[in-house]
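Tertiary structure, described
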Amino acid sequence: MRKNLWNLILPITFQRFMLALVSASDALMLGKLNQASLSAVSLASQIAFVFNLFMMGLVTGTSMFAAQYWGKKDRENIQNVMGLVLWDTGLISLVFCLGTMAAPDVLMRIFTNDPELVRLGAVYLKVVGISYLLSGVTQIYLCILKNTGYAGKSMLISSATVVLNLLLNAVLIYGLGGAPALGITGAALATVLANAAGLVWAVLESFGKDGLRPAKAYLRPRVSELEKRFWKYTAPVMANGMFWGCGFTMYSVVMGHLGTDAVAANSVANIAKNLVVCFCLGLGNAGSILVGNALGAGDLNRAKKEGAYLCRLSVVSGILTGAFLLAISPVILSFVQISPQARAYLKYMLIVSSYYLAGKSINCMTIGGIFCAGGDSRFGMCCDAVTLWCITVPLGIAAAFVWKAPVPVVYFLLNLDEIVKLPVVYRHYKKYRWVRNLTEEGNEAGASAL
């Protein structure tokens, strides 16, 4: 099991790191131009964050069924699931694409009232919105690869896409090699072009030997038993993502109204967290696949043992990840070009982020990994809804706008969510409601739907 785990963790972690590097490169390269560009892109990227919440629900639902069906060697139902998910992905991606292109300034005003940040962010969104159509479909193809023994190939596609994005960023932002220096528009255009290349590669892979392609019968609107079963377990995951993601977005809304120094510091802190947390996310994703394989194969005792080992590993991972962020904080502070006040905020935010990562690692493994592997998705939805919307978001809003607390205090309160829910998460884990084989119901539903 441990060998299989590391064979999954390493490529998935590297893939997530490379994806996080894209967002970081957009902000940091533009930060070399001016602080306003860095802040504007960071806020505009919250739209992509919300889009990816929908995609997270679809990808997690796909992974639930693909991992268990793969454990049972049922390729046909994997293709059926792939078909119905791609249809839904296309619809969601189109809505986000049209929204960002038609009303980018309206969306930016949600996050900030600074006219310059609204103007710059709208320029970025109007172009980058096209990438949502491309990246949504690509994520489903890569999810299928990861869950069917090709995590390395999924990593290769993602990494190549990121490298291309980074190269195009340098060329189009700064005008290297005789290209026009497009600044913030160049960053958005680079994302679109790189995502187009990644989608073409992912689709071509599905036509290779042993490739899995979506079942044509499910690439159109239809009501089937398989789709009902899929949404029974996926809808809570998507709702959980909305509760968590909209709450997390509210953090940026709150910080966005505390001044450009707070926005700049928060932008850099988020970039640092997103890069460092990749190992924790990779561990949770790999754990979900392994536990899902065991559950789909009907080996429930093995699934419980693997779950226990993975939880212990997530604790160690969280502690080491937080310590690593603290260790590299001086490097981060020396690298970014922000005002002295923003630098002071950032120093404190990185300290707070270190304990945040410790809790995040455990919750990624349990809520986002093990629980979802067995279709136990409702708990995460309820847990995040209560933690965010009843505790941390109200506290953060009150601290910022009612008590007029300093920026570091507001940031501290907004980052309590991953720690607050740990006792409840542990108690739920020990109930073992996640030890469940979905393929018995799923197989029957899929067969009757064909």
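Residues numbered from 1 in each chain as written. Predicted model: local features only at pLDDT ≥ 70, side-chain atom pairs only at ≥ 80, totals over all residues. Heavy atoms only, no water.

**Quick word on the overall build of the chain**
Looking only at helices and strands, one finds 18 helices and zero strands in the chain. For 450 residues, the compact-globule formula gives about 22 Å, and the C-alpha radius of gyration of the chain, at 21 Å, lands near that figure. The dimensions of the chain, computed from C-alpha atoms along their principal axes, are 60 × 50 × 35 Å. Out of the 450 residues belonging to the chain, those deemed buried represent 58%. Within the chain, residue pairs in contact and separated by at least 24 positions form 84% of the contacts whose partners lie at least 6 positions apart. Carbon together with sulfur atoms contributes 67% to the accessible area of the chain, which is approximately 17,700 Å² in total. Computing the positive centroid from 36 side-chain charges and the negative centroid from 21, the chain places the two 5 Å apart. (Helix = DSSP H or I, 4+ residues; strand = E, 2+ residues; numbered from the N terminus. Rg over C-alpha atoms; globule rule 2.2 N^0.38 Å. Buried < 20%, exposed > 50% of the residue type's maximum accessible area, 1.4 Å probe, protein only. Contact = heavy atoms within 4.5 Å. Areas by Shrake-Rupley, 256 points an atom, 1.4 Å probe, with all protein chains shown as cover. Lys, Arg positive; Asp, Glu negative; His and termini not counted. Charge placed at Lys NZ, Arg CZ, Asp CG, Glu CD.)

**Here's the deal with the side chain of Gln68**
Tracing the sequence through the fold places Gln68 in helix 2 (residues 35–71). You can call Gln68 buried: its relative accessible area is 0%.

**Things to note about the pattern of salt bridges**
Enumeration over the complete set of coordinates arrives at nine salt bridges. Here Arg119 makes a salt bridge to Glu116, at a shortest N to O gap of 2.8 Å. Note that Arg119 and Glu116 are positioned in helix 5 (residues 115–128) at a spacing of three residues, about one turn of the helix. Residue class for Arg119 comes out partly exposed when judged on its relative accessible area of 47%. Between Lys421 and Asp384 there is a salt bridge; the shortest N-O distance is 2.5 Å. Here Asp384 lies in helix 14 (residues 378–402) and Lys421 lies in the loop between helix 16 (417–420) and helix 17 (422–429), a separation of 37 residues in the sequence. Linked through salt bridges whose partners overlap, the residues forming this network are Lys360, Asp384, Glu418 and Lys421. (Salt bridge = Lys/Arg side-chain N within 4 Å of Asp/Glu carboxyl O.)

**What about the confidence of the model for the chain?**
The predicted structure's coordinates, where accompanied by low pLDDT, should not be read in detail. Residues with a pLDDT of 70 or more make up 94% of the chain, whose mean pLDDT is 85. Ranking the helices and strands of the chain by mean pLDDT puts helix 17 first, with 93, and helix 18 (residues 439–449) last, with 44. When the criterion is pLDDT under 50, residues 442–450 qualifies, and its contacts beyond four places in sequence or with other chains add up to 25 contacts. (pLDDT = per-residue confidence, 0-100.)

**Here we look at unusual backbone geometry**
Backbone geometry at Asp210 places phi at a positive 65°, although glycine is not the residue there. With respect to the element layout, Asp210 can be found in the loop between helix 8 (184–206) and helix 9 (225–256). Located in the positive-phi region is Lys404, a residue other than glycine, with phi close to 55°. Relative to the elements of secondary structure, Lys404 occurs in the loop between helix 14 and helix 15 (407–414). Looking at Lys404, the relative accessible area reads 61%, which means it is exposed.

**So, a nonpolar patch on the surface**
On the surface, a cluster of nonpolar side chains totalling about 410 Å² of accessible area is made up of Ile397, Phe401, Val402 and Trp403. For Trp403, the location among the structural elements is in the loop between helix 14 and helix 15. (Patch = residues over 30% accessible without salt bridge, like charges linked within 9 Å, V, L, I, M, F, W, Y side chains within 5 Å.)

**Some words on the side chain of Thr60**
Residue position: Thr60 is located in helix 2. Looking at Thr60, the relative accessible area reads 16%, which means it is buried. Non-local contacts of Thr60, meaning those with residues more than four positions away in its chain, are made with Val237 and Cys372.

**So, helix 4 (residues 104–111)**
Three or more residues of helix 4 are buried, namely Pro104, Met108 and Phe111. End-on view of helix 4: buried residues confined to an arc of 50°, all on one side of the axis. Next to the buried residues of helix 4 lie helix 2, helix 3 (75–102), helix 5 and helix 9. (Arc of directions from axis to C-beta.)

**A few points about the nonpolar core**
Core analysis: the largest hydrophobic core is formed by 58 residues, its most contacted members being Tyr124, Tyr132 and Ile140. Take this core: its biggest share by element is 15 residues, from helix 2. If we skip the residues at most four places from it in the chain, Ile140 touches Met55, Leu58, Val59, Thr62, Met82, Val85, Leu86 and Thr89. Of all hydrophobic cores here, the second largest spans 41 residues; its members include Ala272, Leu325, Val352 and Leu357. (Core = buried A, V, L, I, M, F, W, Y, C linked by side-chain atoms within 4.5 Å.)

**A word on the packing of aromatic side chains**
In this structure the tally under the stated criterion is 13 aromatic pairs. A ring pair is formed by Tyr429 and Trp434, whose centres lie 5.7 Å apart and whose planes are at 15°; its orientation type is stacked. Assessed through its relative accessible area of 6%, Tyr429 is described here as buried. Chaining the aromatic ring pairs together yields one cluster made of Phe65, Tyr69, Phe230, Trp231 and Tyr233. The ring of Tyr356 is capped by Lys273, whose NZ or CZ atom sits 4.2 Å from the centre of that ring. (Phe/Tyr/Trp six-rings, centres within 6.5 Å; stacked < 30°, edge-to-face > 60°. Lys NZ or Arg CZ within 6 Å of the ring centre and 35° of its normal.)

**With respect to the environment of Phe379**
Position of Phe379 among the secondary structure elements: in helix 14. Residues Phe379 and Val237, spaced 142 residues apart in sequence, show a C-alpha to C-alpha distance of 9.3 Å. Apart from residues no more than four positions distant in its own chain, Phe379 is found in contact with Ile367, Phe371, Val424, Val425 and His428.

**Re the environment of Val41**
With respect to the helices and strands, Val41 occurs in helix 2. With relative accessibility at 1%, the residue Val41 sits in the buried group. Each C-alpha atom, one on Val41 and one on Ala187, is 9.2 Å from the other, the two residues being 146 residues apart in sequence.

**Concerning helix 15**
Taken residue by residue, helix 15 has Val407, Val410, Tyr411, Leu413 and Leu414 as its buried positions. Seen end-on, helix 15 carries its buried residues on one side only, within an arc spanning 165°. Against the buried residues of helix 15 lie helix 9, helix 10 (260–276), helix 13 (340–373), helix 14 and helix 16.

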